[in-house]
Amino acid sequence: MATINFGGVQENVVKRNEFPLKKAQDVLKGETVAVIGYGVQGPGQALNLKDNGINVIVGQRKGTTSWKKARADGWEEGKTLFELDEACKKATIVMNLLSDAGQIQAWEGMKKHLTKGKALYFSHGFGVTFHNKTGIVPPSDIDVVLVAPKGSGTSLRSLFLSGQGLNSSYAVFQDATGNAQERALALGIAIGSGYLFETTFQKEVYSDLTGERGVLMGAIAGIFEAQFNVLRQRGHSPSEAFNETVEEFTQSLMPLIAENGMDWMFANCSTTAQRGALDWKGKFREATEPILNKLYDNVVSGKEAEIVIEANSKPDYRIKLKEELTAMKNSELWQTGLEVRKLRPTK
């Protein structure tokens, strides 16, 4: 484990050269790892584990779209693909990658198979942290660990196939066997993490819910809409408004930030852009920091968890969700984006 200075704060980080795949394979030798759920994270984690030589099976409800996807990905019914109950029974490590709502529904059936010495793995701290709302309280004689890739399962898989890795956080909630941390780190390396940084179940879910509702998704979507609307209201064409709001950001500026940081991106823009950005970034920070503090308070209080659980428990949730996403897709902003993307030069 390496200690790295992150902006003046010392943190422990586990890198591949310190915990190589061979060590992960040794730790997981003799384990049967069941990936429960084949939705967002399941495919990437399961396939990476399989390719890394880990004994892995998949548990999914038969007849669902996810079951069919698992079959298409090469998992064989009765050999490596089972119903949830059977997969949990066979496993020594149960990787609970169902949706947060799905975890609540499946918990009682899963819990009965979590016998002494097994390990229960999550990629999100939601169920355990908000146990008073979810009812998810693991038995005291099992290991409970977390590895949370900082990106989608699709990204985890594509980076793995290209020889790279997606950074992940890890945590140990309960160490019943004395080997919980080694199990967590081995699983983290085996699913294709580039490196692993320490957290807790609570901190993971607090930061994750804040990030999703904030900069990662909610805030950026809202800011895109606001700037696009202002430009359209001031007489700019849809294509100009989209290019100045979304296209330049995603295609030109974000890659520069990803490569070397915000200061490097600023340094590679015009002096006019630099001056304006430096003058206005503080105003946006001051305007949004109170909103983000309110968001964080909502997360810590459990209010956001309540909203998620209540929404997902409604029988028409999927229908309403589809309506909301369709409305976004059909908006002038994203219909313009559809046409702009078609105009991108191809090789």
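The present account deals with the structure reproduced in this document. (Residues numbered from 1 in each chain as written. Predicted model: local features only at pLDDT ≥ 70, side-chain atom pairs only at ≥ 80, totals over all residues. Heavy atoms only, no water.)

Okay, the packing of helix 11 (residues 218-233) against helix 12 (residues 238-260) next. With their axes 8 Å apart at the nearest point, helix 11 and helix 12 run at an angle of 150 degrees to one another. Judged by the inter-axis angle, helix 11 sits roughly antiparallel to helix 12. In this structure, helix 11 crosses over helix 12, and the sense of that crossing is right-handed. Contacts from I220, F224, Q227, F228, L231 and R232 of helix 11 reach helix 12 at P238, A241, F242, E244, T245, V246 and F249. Here the residues of the contact of helix 11 with helix 12 are counted per class, giving nine nonpolar, two polar and two charged. (Axes fitted to C-alpha atoms, helices over the stretch in contact; angles between N-to-C directions. Helix = DSSP H or I, 4+ residues; strand = E, 2+ residues; numbered from the N terminus. Parallel < 35°, antiparallel > 145°, perpendicular 65-115°, else oblique. Left-handed = near helix turned anticlockwise from the far one by under 90°. Contact = heavy atoms within 4.5 Å. Nonpolar A, V, L, I, M, F, W, Y, C, P; charged D, E, K, R; others polar.)

Looking now at the side chain of N48. Residue placement: N48 occurs in helix 2 (residues 42-51). Side-chain polar atoms of N48 contact the backbone oxygen of L156, separated by 3.5 Å. Setting aside its immediate chain neighbours within four residues, N48 contacts L156, R157, F160, A190, I191 and G192. (Polar contact = N/O pair within 3.5 Å; in protein donor to acceptor, adjacent residues only side chain to side chain.)

Note: strands within a sheet are paired through backbone hydrogen bonds, in either parallel or antiparallel orientation. Across the sheet, which stays open at both edges, the 10 strands sit in the order 1-2-10-9-8-7-6-3-4-5 with mixed pairing between neighbours. Each having just a single partner strand, strand 1 (2-6) and strand 5 (81-82) make up the two edges of the open sheet. With three bridges joining them, strand 2 (residues 9-15) and strand 10 (residues 193-198) adopt antiparallel strand pairing. Its bridge partner being in strand 10, V13 is matched across the sheet by F197. Sheet strands touched by helix 10 (residues 201-213): strand 7 (119-122), strand 8 (143-149) and strand 9 (166-174). Its angle to strand 8, the strand with the most contacts, is close to 30 degrees. (Pairing = 2+ DSSP bridges.)

Once that is clear, we can look at the environment of E286. Checked against the element boundaries, E286 lands in helix 14 (residues 271-301). Note on E286: relative accessible area 55%, which makes it exposed. Put simply, E286 and L253 are 33 residues apart on the chain and 23 Å apart in space, counted from C-alpha to C-alpha. (Buried < 20%, exposed > 50% of the residue type's maximum accessible area, 1.4 Å probe, protein only.)

Scope: geometric values only; no functional claims are made or implied.
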